[in-house]
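Chain and residue survey
Below, each chain spelled out in residue letters.
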Amino acid sequence: MDQKILSLAAEKTADKLQEFLQTLREDDLTNLLQNQAVKGKVAGALLRAIFKGSPCCEEAGALRRRKIYTYCIQLVESGDLQKEIASEIIGLLMLEAHHFPGPLLVELANEFISAVREGSLVNGKSLELLPIILTALATKKENLAYGKGVLSGEECKKQLINILCSGRWDQQYVIQLTSMFKDVPLTAEEVEFVVEKALSMFSKMNLQEIPPLVYQLLVLSSKGSRKSVLEGIIAFFSALDKQHNEEQTGDELLDVVTVPSGELRHVEGTIILHIVFAIKLDYELGRELLKHLKAGQQGDSNNNLSPFSIALLLSVTRIQRFQDQVLDLLKTSVVKSFKDLQLLQGSKFLQNLVPHRSYVSTMILEVVKNSVHSWDHVTQGLVELGFILMDSYGPKKVLDGKTIETSPSLSRMPNQHACKLGANILLETFKIHEMIRQEILEQVLNRVVTRASSPISHFLDLLSNIVMYAPLVLQSCSSKVTEAFDYLSFLPLQTVQRLLKAVQPLLKVSMSMRDSLILVLRKAMFANQLDARKSAVAGFLLLLKNFKVLGSLSSSQCSQSLSFSQVHVDVHSHYNSVANETFCLEIMDSLRRCLSQQADVRLMLYEGFYDVLRRNSQLANSIMQTLLSQLKQFYEPKPDLLPPLKLEACILTQGDKISLQEPLDKSADFSQSTSIGIKNNICASLVMGVCEVLIEYNFSISNFSKNKFEDILSLFMCYKKLSDILNEKAGKAKTKMANKTNDSLLSMKFVSSLLTVLFRDSIQSHQESLSVLRSSSEFMRYAVNIALQKVQQLKETGHVSGPDGQNPDKIFQNLCDITRVLLWRYTSIPTSVEELGKKEKGKSISLLCLEGLQKIFSAVQQFYQPKIQQFLRALDVTDKEGEEREDADVSVTQRTAFQIRQFQRSLLNLLSSQEEDFNSKEALLLVTVLTSLSKLLEPSSPQFVQMLSWTSKICKENSREDALFCKSLMNLLFSLHVLYKSPVILLRDLSQDIHGHLGDIDQDVEVEKTNHFAIVNLRTAAPTICLLVLSQAEKVLEEVDWLITKLKGQVSQETVSEEASSQTTLPNQPVEKAIVMQLGTLLTFFHELVQTALPSGSCVDTLLKDLCKMYTTLTALVRYYLQVCQSSGGIPKNMEKLVKLSGSHLTPVCYSFISYVQNKSKSLNYTGEKKEKPATVATAMARVLRETKPIPNLIFAIEQYEKFLIHLSKRSKVNLMQHMKLSTSRDFKIKGNILDMVLREDGEDENEEGTASEHGEQNKEPAKKKRKK
């Protein structure tokens, strides 16, 4: 039979074939087809023949064709056929699909859809036909019966796709079904159906199956729905990451996808590669990705960014077109995240409203950690981002060796955090990825070498961390470091010191690097530039310190701050120690040549020898011999000469020879403007330095000998005599150099020991000898002053002068000892008691002690934040060995509270004195100390609440007219209050007090005095407290504005889907309520201030600007409600009340205040013209101009607010304007008759009338509505 069919098919006409096929039963045909297909014979030819004999133009032929078509599909699905036969049959079926009539195509498509929905497919091979059928159906123009209606082919196709996507898909066919749609012409709506279905299948699939599905989705996205595809992929993996990190079990998603971390990261890496490849082919996909992730910056960037999306962005940086955009987006997100964090940390109000979330910085570091799983595609992006953050947000300028921050103090913290994040990214990437190490090192060294004029401390810190991590690994990059050595002579000294300190571990493991450095240093020793020679000395001293000679003390014994990571290659063997000794002695020979160079070079060498001896004690003999031979050149062994020094030899004279005036007395010239004076100054400084060194030496060998202490006192009197002469002369010479004092040569350790024995030593056998020193209050004041000088140096430079001045641990220990003594001295002998019997001029010792404490508390928080617990424990004089274990559990807050109570008592004692006896300097220092200590209190602790209550009570009950004290105390109150709750109520109360003291802008109105805070009085109300409360109001407005922006961002994201937009306001209701409450209270605050008769100047100017901000924020809130009121069905009642309050209590008085300011300017103008001098008038007019400048901005802000209120009224169907009196329009036209009349009149006052008329009309009504006071 099969042969007959084939022979009939070979004829030119198909008539006989049709007739023969009609005589056969369907079962015969299907059995014949099955036999041929299974045997692998002529199934393809037989199928062609059957289709040829079954034309679609005849009903019987079309039905036969459909039956055969359906049977072939079942045959292919059965899996009984050979692969080649199945493929041939599928190919034939594809060709024949377009010949089917529309109704039969619909039936075929429905059969496929039913098979998919019911899960009856066996191998899914036949699914290749479905896109052909759907495509053929879409081309049918005639109307087709579908369901109960009639649809076109295109509409039928849409309906079928909808049904297919809304049904169940078997997990194993998801990829095939998604892939199938790329061959079907789809509308945007149909693509969205398919994409949503495929994305919904992610959670039901094995993790390894997701990458091919993502690939098919990306291919499909070329037809549309790019945004949905990207959002879906990012959302799924962000959620998966989050759940994986939280290690929660039992979650719906993780019930199906429970995978080890490595597998998840590999899958994510593959998907990222797929997306990047797709973006290379379709730039529109890249633009959509950036658009989607940028949208998050409008509200909460943490919503859109996740470790997965950040890794994706970093991979996209490999595409040149998107590189700058992506890095800019990430940089902006990082800084915004840190700014948000800073805002949240500084406000309890925001902390209560905004839940804590992970920040972008944490996510980026997580990406670095995840990149260990073969994520090579993100490493280059990570390196670029790290350097961009360090370049953009590092310290900006260097002036006289100090780093100057150009940004305002508030924004400094986010910038510092961003720079630190960049360094952490680079360090962690360096640790994980070997292939990128050389590039990171090269870029760091390039910046160190080429940016000599810019601060590069952050790059040097990074270099140090890199070297410490893997010095042995870096041997392969030693050529890069050696190249950097060639530039040492041209780099600033501080950079050279830190660079050599950073690479020091490398010198231990690389002889060639060490030899290269020594060659460079030897050349630098004879360079023309002074800095180059100093750099050479610094380098040689570093080598001497770190190449130890046999028998030297260990680095742990010496407590040296520099540590050596894991490298101890050549420090223990006898051979290396001997080699080191030879090496060190060679260096000593080189350094001796420095003794004939400039004073700066010699000074550096002298100071450096001390540190060398501490680490390399076996070099003592060589060093002491060198110093002794140098000293002999300047020592004069004449018994009658005091001091026995050749001072002339210490001074370099150029030009005319100058003879030193002898004896050194008060009549000598010490001015800095003459060469003789300069010379005498230098001599005096030398003698004073020798006195200080001898004082320290005598103390160290004294063993509490009375004679030695008498020698010390006589040395001090010599020192003081010279010091007094210099101070007296400096006081007369009003030059810049007059206030410059020489750094003391005393070591910080000595100062600490001296203060301890002077104030705290109670051993009986020491008392007689100590009475010698204690008898001189000048000597005790000198000791405290030197301590202050050392702490000031620490605050300014991070280190102190003298021995151990560069050792942070030693400095910290000395600070603890000094603080303990100063604290005891100040609390034991109050300033008031000391000053009663004081005869000398200058500050009392107690006041100096308090000043020292203030500086120390500040310095410790700046440089020793991690050691705060240890510092506070050291201050507790009762805390000794027996109680050490118990005290280990005492928190920082408890220890701080104990110290705070001591200073609170001191301040209360001060405030209990009469106004004329009030020591404002001490009070100011006490408040500064309390402010420093209060930062250490945990805001949620009862001690913090007590501190706030105490400060509030002080402000309420004490009235002092000292403006600086008032300002510092109020600043303390606000800094505490914002960490407890919002300060708006406090602001309102203070504004009422200010209004009561200064009076009303309408002189006929008598204001009732409230007296909430006694600290507010006629002297302090303005400008001090007024400017403070306005500054706080600005911060509150900034917080509210931030919240509104956050809400707007959420709304714009949620309105994408209708289901979300119908519930937009529900989760935001607490935030909205808080915003309205804040603005309502602030409104009453401004209501008071705007009616206050403020003095001209900064108060008026700031108030006008803040009112402008208030209206801008109100407008932002109105615009937010414009966004949400349609979906939420109106606006809340409290918002209506806020609008009503603004119309009745703020806008009218604002216009009254504007008139008040303008009237003051007119009267000033009038009186100025008649009486004042021209210069005074010019100054006054400049002030008036500055004050009136913000007025147009304020009026514009009010009008914008009213404009959007009108829009909101229309949209919400609530008349919000019923309580607002619209201001008069300032549009104008020229009226000819009035113009003629004006021109005929005397025109002297034209300008005044012109400016006054602008607000004349609009101010009449509010003036009538003065509230009763």
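Residues numbered from 1 in each chain as written. Predicted model: local features only at pLDDT ≥ 70, side-chain atom pairs only at ≥ 80, totals over all residues. Heavy atoms only, no water.

**Comments concerning the overall build of the protein chain**
A count of helices and strands for the protein chain gives 58 helices and four strands. For the protein chain, the residues scored as buried account for 51% of the 1269 residues in total. Contacts in the protein chain between residues far apart in sequence, at least 24 positions, make up 74% of those at least 6 positions apart. (Helix = DSSP H or I, 4+ residues; strand = E, 2+ residues; numbered from the N terminus. Buried < 20%, exposed > 50% of the residue type's maximum accessible area, 1.4 Å probe, protein only. Contact = heavy atoms within 4.5 Å.)

**Some points on the pattern of salt bridges**
By the definition in use, this model includes 25 salt bridges. Residues Arg265 and Asp241 are paired through a salt bridge, measuring 2.6 Å at the closest nitrogen-oxygen approach. With a gap of 24 residues between them, Arg265 in helix H15 (residues 261-281) and Asp241 in helix H13 (residues 226-246) connect regions that are remote in the sequence. Residues Arg265 and Asp241 agree in their burial class; the two are buried. Measuring nitrogen to oxygen at the nearest pair gives 2.6 Å for the salt bridge that ties Asp724 to Lys720. Remark: Lys720 and Asp724 occur in helix H35 (residues 706-732); sequence separation between them is four residues, near one turn of the helix. (Salt bridge = Lys/Arg side-chain N within 4 Å of Asp/Glu carboxyl O.)

**Structural notes on the packing of aromatic side chains**
In this structure the tally under the stated criterion is 23 aromatic pairs. Measuring from centroid to centroid gives 6.0 Å for Phe704 and Phe709, while their planes differ by 70°, and the two rings are edge-to-face. Judged by relative accessible area, which is 0%, Phe709 ranks as buried. Judged by centre distance (6.4 Å) and plane angle (25°), the ring pair of Phe716 and Tyr719 falls under stacked. Linking Phe716 with Tyr719, this pair stays in helix H35, spanning three residues, or about one helical turn. The exposure classification of Phe716 matches that of Tyr719, with both residues buried. Each member of the aromatic cluster is reached from another via a ring pair, and the members are Phe812, Tyr826, Phe857, Tyr864, Phe871 and Phe903. The lysine or arginine in question, Arg437, covers the ring of Phe430, its NZ or CZ lying 5.4 Å from the ring centre. The residue whose ring lies beneath Arg960 is Phe918, and the NZ or CZ to ring-centre distance is 4.7 Å. (Phe/Tyr/Trp six-rings, centres within 6.5 Å; stacked < 30°, edge-to-face > 60°. Lys NZ or Arg CZ within 6 Å of the ring centre and 35° of its normal.)

**Focus on the packing of helix H22 (residues 376-393) against helix H25 (residues 457-469)**
Running from amino to carboxyl end, H22 crosses H25 at an angle of 145°, the nearest separation of the two axes being 10 Å. On the side of H22, the interface is formed by Phe387, Met390 and Asp391, while H25 contributes His458, Phe459 and Leu462. (Axes fitted to C-alpha atoms, helices over the stretch in contact; angles between N-to-C directions.)

**A short note on the environment of Ile786**
Here Ile786 lies in helix H38 (residues 777-797). Under the relative-accessibility criterion, Ile786 is labelled buried at 5%. Separated by 66 residues in the primary sequence, Ile786 and Gly852 place their C-alpha atoms 10.0 Å from one another. When near neighbours in sequence (up to four residues on either side) are disregarded, Ile786 contacts Glu692, Ser744, Leu746 and Val751.

**Topic: a nonpolar patch on the surface**
Taken together, Tyr215, Val219, Phe277 and Leu281 make up a surface patch of nonpolar side chains, about 390 Å² in accessible area. Where the nonpolar patch is concerned, the elements lending two or more residues are helix H12 (210-220) and H15. Mapped onto the elements, Val219 comes out in helix H12. Here Val219 falls in the partly exposed class, since its relative accessible area comes to 30%. (Patch = residues over 30% accessible without salt bridge, like charges linked within 9 Å, V, L, I, M, F, W, Y side chains within 5 Å. Areas by Shrake-Rupley, 256 points an atom, 1.4 Å probe, with all protein chains shown as cover.)

**Section: the environment of Ile856**
When you line up the elements, Ile856 lands in helix H41 (residues 845-863). The exposure class of Ile856 is buried, given its relative accessible area of 0%. Sequence separation of Ile856 and Gln792 is 64 residues, and the distance between their C-alpha atoms is 8.5 Å. Residues within four places of Ile856 in sequence aside, it is in contact with Val791, Leu815, Ile818, Thr819, Leu822 and Phe871.

**With respect to helix H18 (residues 307-316)**
For H18, the buried fraction is high: ten of the ten residues fall into the buried class. Within H18, burial applies to Pro307, Phe308, Ser309, Ile310, Ala311, Leu312, Leu313, Leu314, Ser315 and Val316.

**Some words on the nonpolar core**
Membership of the largest hydrophobic core comes to 176 residues, with the highest contact counts inside it found for Leu755, Phe903, Met970, Ile1015, Phe1086, Leu1117 and Phe1153. For this core, the element with the highest residue contribution is helix H52 (residues 1098-1128), accounting for 17 residues. Counting residues in each nonpolar core, the second largest holds 95 residues, with Leu137, Leu177, Ala198 and Ile233 among its members. (Core = buried A, V, L, I, M, F, W, Y, C linked by side-chain atoms within 4.5 Å.)

**Considerations on the environment of Ser1209**
Tracing the backbone through its elements, the reader meets Ser1209 in helix H55 (residues 1190-1212). A residue is classified by how much of its surface remains accessible, and Ser1209, at 12% relative accessible area, is buried. Sequence-wise, Ser1209 and Ile1131 are 78 residues apart; in three dimensions their C-alpha atoms are separated by 9.8 Å. A distance of 3.1 Å separates the side chain of Ser1209 from the backbone nitrogen of Leu1216, its partner in a polar contact. (Polar contact = N/O pair within 3.5 Å; in protein donor to acceptor, adjacent residues only side chain to side chain.)

**Details of the packing of helix H24 (residues 437-450) against helix H26 (residues 478-485)**
One can describe the packing of H24 onto H26 by two numbers: an axis separation of 10 Å at closest approach and a directional angle of 5°. Between H24 and H26, the angle is such that the two are roughly parallel. Contacts between H24 and H26 pair Gln438, Leu441, Glu442, Leu445 and Val449 from the former with Lys480, Val481 and Ala484 from the latter. Grouping the constituent residues of the contact of H24 with H26 by class yields five nonpolar, one polar and two charged. (Parallel < 35°, antiparallel > 145°, perpendicular 65-115°, else oblique. Nonpolar A, V, L, I, M, F, W, Y, C, P; charged D, E, K, R; others polar.)

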